[in-house]
Amino acid sequence: AQTVTQSQPEMSVQEAETVTLSCTYDTSESDYYLFWYKQPPSRQMILVIRQEAYKQQNATENRFSVNFQKAAKSFSLKISDSQLGDAAMYFCAYRRGGLDQGGSEKLVFGKGTKLTVNP
Amino acid sequence: DSGVTQTPKHLITATGQRVTLRCSPRSGDLSVYWYQQSLDQGLQFLIQYYNGEERAKGNILERFSAQQFPDLHSELNLSSLELGDSALYFCASSAHPNQPQHFGDGTRLSIL
C-alpha cells in the first residue's frame, strides 16, 4: 500500500522569508500524481499544487514550487515570500495514475505540517 | 469557493443515532469522494462514486453507507453512531477520475 510521510509536525517562518515543507512517499507504481493541499483554520481543503510523476520539470504556482525527486521518492513544497495568509496545515497527498478498477483515484494523505507565519 | 457544497456544516447528535450528510459536486463533475478527518486517523478515504456507480471503497465501516443519485449529488449515511465517529467529513468531486479533486467545506460531526 502507498504511504505518505510528513516528518515535520510543525514549522514556522518569518513573514517574507522562504520555508520548505518535506514529504516522502512509498510506492511501487510508476504512474502517479502528487499534491499539496492547504487547510487554513477555516478547515477548507485547498489544492495548492500538483505534480505528475512522468514530468521531470518541477511544478510552480506563483510563490509555491515543488522539488520532486522521483528516485528518492521525495516531494517538498517551497513557499517563497511567506505571507500571513499562508498560515495553515499543509497536507501532502499521493494518487495512483491510470483508471483501473479498485479505487486508484483515492488520495492518500500524510499527517500534515502546521505552518505558522510570524509577522 | 470550490463549488462543492456540503450540508449541514455542523451536526451534533447522540450515540446510537443515525445521520445523513449531503454533498452537491461541482457542476459537471461525475466523480464524488468521501473522506473522514479525525485527530487520531488523519484524512482517510471512505468511498468513491462515478456517475452513479460505486467505484471504490476504502476504510468505510459497515455502519456507514453512501449513494450517488441521478442528479449526481451524494449522501453519506452514518448509523449506530459511536463517540469515535466524531470527525470532519469531507466530500470532494472531480470532472473525471483522473482530474484533481476539489473539496467541500466539510461537515463537522460531534457525537455526545
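Being a predicted model, the structure only gives us computed values, none of them experimental. (Residues numbered from 1 in each chain as written. Chains lettered and ligands numbered in written order. Predicted model: local features only at pLDDT ≥ 70, side-chain atom pairs only at ≥ 80, totals over all residues. Heavy atoms only, no water.)

K.L.:
I'm lost on the overall build of chain A in this one. Help?
P.N.:
Along its length, chain A carries zero helices and twelve strands. Here the C-alpha radius of gyration of chain A, 14 Å, is about what a compact globule of 119 residues would show, namely 14 Å. Dimensions of chain A along its principal axes, counting C-alpha atoms only, are 45 × 30 × 20 Å. Expressed as a percentage of the 119 residues in chain A, the buried residues total 47%. Within chain A, residue pairs in contact and separated by at least 24 positions form 56% of the contacts whose partners lie at least 6 positions apart. When the accessible surface of chain A is split by element, carbon and sulfur atoms take 45% of a total near 5800 Å². Computing the positive centroid from 13 side-chain charges and the negative centroid from 12, chain A places the two 4 Å apart. (Helix = DSSP H or I, 4+ residues; strand = E, 2+ residues; numbered from the N terminus. Rg over C-alpha atoms; globule rule 2.2 N^0.38 Å. Buried < 20%, exposed > 50% of the residue type's maximum accessible area, 1.4 Å probe, protein only. Contact = heavy atoms within 4.5 Å. Areas by Shrake-Rupley, 256 points an atom, 1.4 Å probe, with all protein chains shown as cover. Lys, Arg positive; Asp, Glu negative; His and termini not counted. Charge placed at Lys NZ, Arg CZ, Asp CG, Glu CD.)

K.L.:
Help me understand the pairing of strand S9 (residues 74–79) of chain A in this model?
P.N.:
Note on strand geometry: in a regular strand, side chains alternate between the two faces of the sheet. Residues and elements named next belong to chain A. In this sheet, S9 lies alongside strand S3 (residues 19–21) in antiparallel orientation, the contact comprising three bridges. Counted as the bridge partner of Val-19 is Ile-79 from S9. In the sheet, strand S8 (residues 64–69) pairs with S9 via six bridges, with the strands oriented antiparallel. In the strand pairing of S9, Phe-68 is matched with Phe-75. Linking two consecutive strands that pair antiparallel, namely S8 and S9, is a turn of four residues; a positive phi of about 55 degrees is found at Lys-73 within it. (Pairing = 2+ DSSP bridges.)

K.L.:
Honestly, the environment of B:Asn77 in this entry has me stumped. Any pointers?
P.N.:
Residue and element names in this part refer to chain B. Within the fold, Asn-77 resides in strand S8 (residues 74–78). As for Asn-77 and Leu-21, which are separated by 56 residues in sequence, their C-alpha atoms are 6.4 Å apart. Aside from chain neighbours lying at most four places away, what touches Asn-77 is Arg-18, Val-19, Thr-20, Arg-63, Phe-64, Ser-65 and Gln-67. Of note is the side chain of Asn-77, whose polar atom sits 2.7 Å from the side chain of Thr-20. (Polar contact = N/O pair within 3.5 Å; in protein donor to acceptor, adjacent residues only side chain to side chain.)

K.L.:
Quick question: what am I supposed to make of unusual backbone geometry here?
P.N.:
For residues besides glycine, phi is generally negative; the peptide bonds are generally trans as well. Omega for the bond connecting B:Thr7 with B:Pro8 falls within 30 degrees of zero, at -10 degrees, which places this linkage in the cis form. With respect to the helices, strands and loops of the structure, B:Pro8 is situated in the loop between strand S1 (5–7) and strand S2 (10–13). With a phi close to 80 degrees, A:Ala16 is a non-glycine residue in the positive phi region. For A:Ala16, the position within the fold is in the loop between strand S2 (10–14) and S3.

K.L.:
Quick question: what am I supposed to make of the interface of chain B and chain A here?
P.N.:
Interface size is commonly expressed as the accessible area that is lost once the parts come together. With 25 residues of chain B at the contact, the number on the chain A side is 22 residues. Taking both partners together, chain B and chain A bury about 2000 Å²; carbon and sulfur atoms supply 50% of that area. For chain B, the biggest contributors to the area lost against chain A are B:Leu43, B:Arg55 and B:Asn98; these three give 29% of the whole. For the pair chain B and chain A, the interface holds one salt bridge. For the salt bridge of B:Arg55 with A:Glu105, the shortest nitrogen-to-oxygen distance reads 2.8 Å. Seen at the junction of chain B and chain A, the total is eleven residue pairs in polar contact (both at pLDDT 80 or more). Listed by contribution, the elements that provide at least two residues to the side of chain B that touches chain A are strand S4 (31–38), strand S5 (42–50), strand S6 (53–57) and strand S9 (87–94) of chain B. (Buried area = accessible area lost by both parts, 1.4 Å probe. Salt bridge = Lys/Arg side-chain N within 4 Å of Asp/Glu carboxyl O.)

K.L.:
Any chance you could explain the pattern of salt bridges here in plain terms?
P.N.:
Where charged atoms from two side chains of opposite charge approach closely, those side chains can pair. Here the structure, examined in full by the defined rule, presents ten salt bridges over all chains. The salt bridge involving A:Glu52 is made with A:Arg50; its shortest N-O contact spans 3.4 Å. The closest approach of N and O atoms between B:Asp85 and B:Arg63, which form a salt bridge, is 2.8 Å. In this pair, B:Asp85 sits in the loop between S8 and S9 while B:Arg63 sits in the loop between S6 and strand S7 (64–68), placing the two residues 22 residues apart along the sequence. Among the ionic contacts, a cluster of salt bridges with common partners joins A:Arg50, A:Glu52 and A:Lys55.

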